[in-house]
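Given next are the chains, with one letter for each unit.
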Amino acid sequence: MEPVIWLSTIPQKLEHIGSDIQSHKQLLRENASLRRKNLMLSARLLRYRALEEENQRLRRLLSAASTIHHRVLVATIIKASQAPYSYQILINKGAHDGIYPGQAVIDAHGVLGQVVRVNPENSIALLITDPHNGIPVQVNRTGLQTVALGRGDGQTLTLPFLPRNADIKVGDLLMSSGMGGRFPEGYPVGRVVKIKHPRGDHFMDAIAEPLAHLNRSRQVLLVWNATNRANRSETQLPINLHGQHPQNRPNRQSPDNSRTTSKRSSLASSPKNVPAHR
């Protein structure tokens, strides 16, 4: 009798097995769907975090702008030069926005560079670490004035030909001096990190690190300088946007001139043969 009863339960057991198989398949489908949803939510969360970080950067930038007594304009960096020894950025403001050659570019932390080419809707700025750029500075502690030149490594500045008895030391803050009329006075530029005393030389060199976040800034401020703006037609700089950056360093220049020589850029996405704004 027991075999008969056992045989009679086989269809029911098979039904349960089939139901379990269907439940397993359904669980697999639901699991796959949940994985996809989780991936999408994770991507959205990353985007929200990125937006929050961008908002924080913008708040810091606007906070910096509120302490500036000059006219300013927020701009976005849309491209950075990839050529060796070339440290330039392309920003999304141009002649239509009143941008002019020689205009100072800063971020929430310090001086970033200066505009060297103006197109109708965008501009090219030369970073302060470029070997063809220089900015008149003064040591905040002592008032010592000199010029900070880009070293071409994308990370540091040099203060060459300082007298051996110059009152400057590691940790000193460098501020823009306003000499030459191009960079407004009183903006943080860098901090001295090293002093070099070449043997047998009557001069010494100082190395400084920029305070601006050169490789991390997304938004920047363009600062109007009334003195330079009045004479902006005299600061026009010819730029070849499609060549290679010259690798020879420029001659030294006195602190009363913020230098930018004619040079080439790798920002190939910029408009071709567009005359700079005058």
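Here the structure is shown first, and the text comes after it.
Within each chain, residues carry numbers counting from 1 in the order of the written sequence. Residue-level local features of this predicted model are given only where pLDDT is at least 70; pairs of side-chain atoms are given and counted only at 80 or more, and the full residue set underlies all totals for whole chains, interfaces and linings. For side-chain calculations, the full set of non-hydrogen atoms in the structure is used, while hydrogens and water are omitted.

**Focus on the pairing of strand β7 (residues 145-150)**
Between buried and exposed lies partly exposed: a residue is buried under 20% and exposed over 50% of the maximum accessible area for its type, with that area taken using a 1.4 Å probe on protein chains only. A run of DSSP states H or I qualifies as a helix once it reaches four residues; a run of E qualifies as a strand once it reaches two. Both are numbered from the N-terminal end. Counting buried residues along β7, five of its six residues qualify, which places the element largely inside the surrounding structure. Two strands are said to pair when DSSP picks up at least two bridges between them. Two elements, strand β6 (residues 134-139) and β7, share five bridges in a ladder whose sense is antiparallel. By the bridge assignment for β7, Gln138 is matched with Gln145. Where β6 folds back onto β7 in an antiparallel hairpin, the turn is made up of five residues, including Gly143, whose phi is positive at roughly 85 degrees. Relative to strand β8 (residues 157-163), β7 runs antiparallel, the two being bridged by two bridges. Note that in β8 the partner of Leu149 across the bridge is Thr158. In sequence, β7 turns back onto β8 through a hairpin of six residues, with Gly152 there showing a positive phi of about 85 degrees.

**Let's talk about the pattern of salt bridges**
We count a salt bridge whenever a side-chain nitrogen from Lys or Arg sits within 4 Å of a carboxyl oxygen from Asp or Glu. A full pass over the atoms with the stated rule returns three salt bridges. For Asp167, the salt bridge is made with Arg141, and the minimal N-O distance between the two is 3.0 Å. Of this pair, Asp167 sits in the loop between β8 and β9 (173-176) while Arg141 sits in the loop between β6 and β7; the two residues are 26 residues apart in sequence, bridging distant segments of the chain. Residue Asp167 is classed as partly exposed on the basis of its relative accessible area, which comes to 43%. In this structure, Arg151 and Asp153 form a salt bridge, with 3.9 Å as the shortest nitrogen-oxygen distance. Accessibility expressed as a relative area gives 33% for Asp153, which makes it partly exposed.

Just geometry here; none of it tells us what the structure is for.
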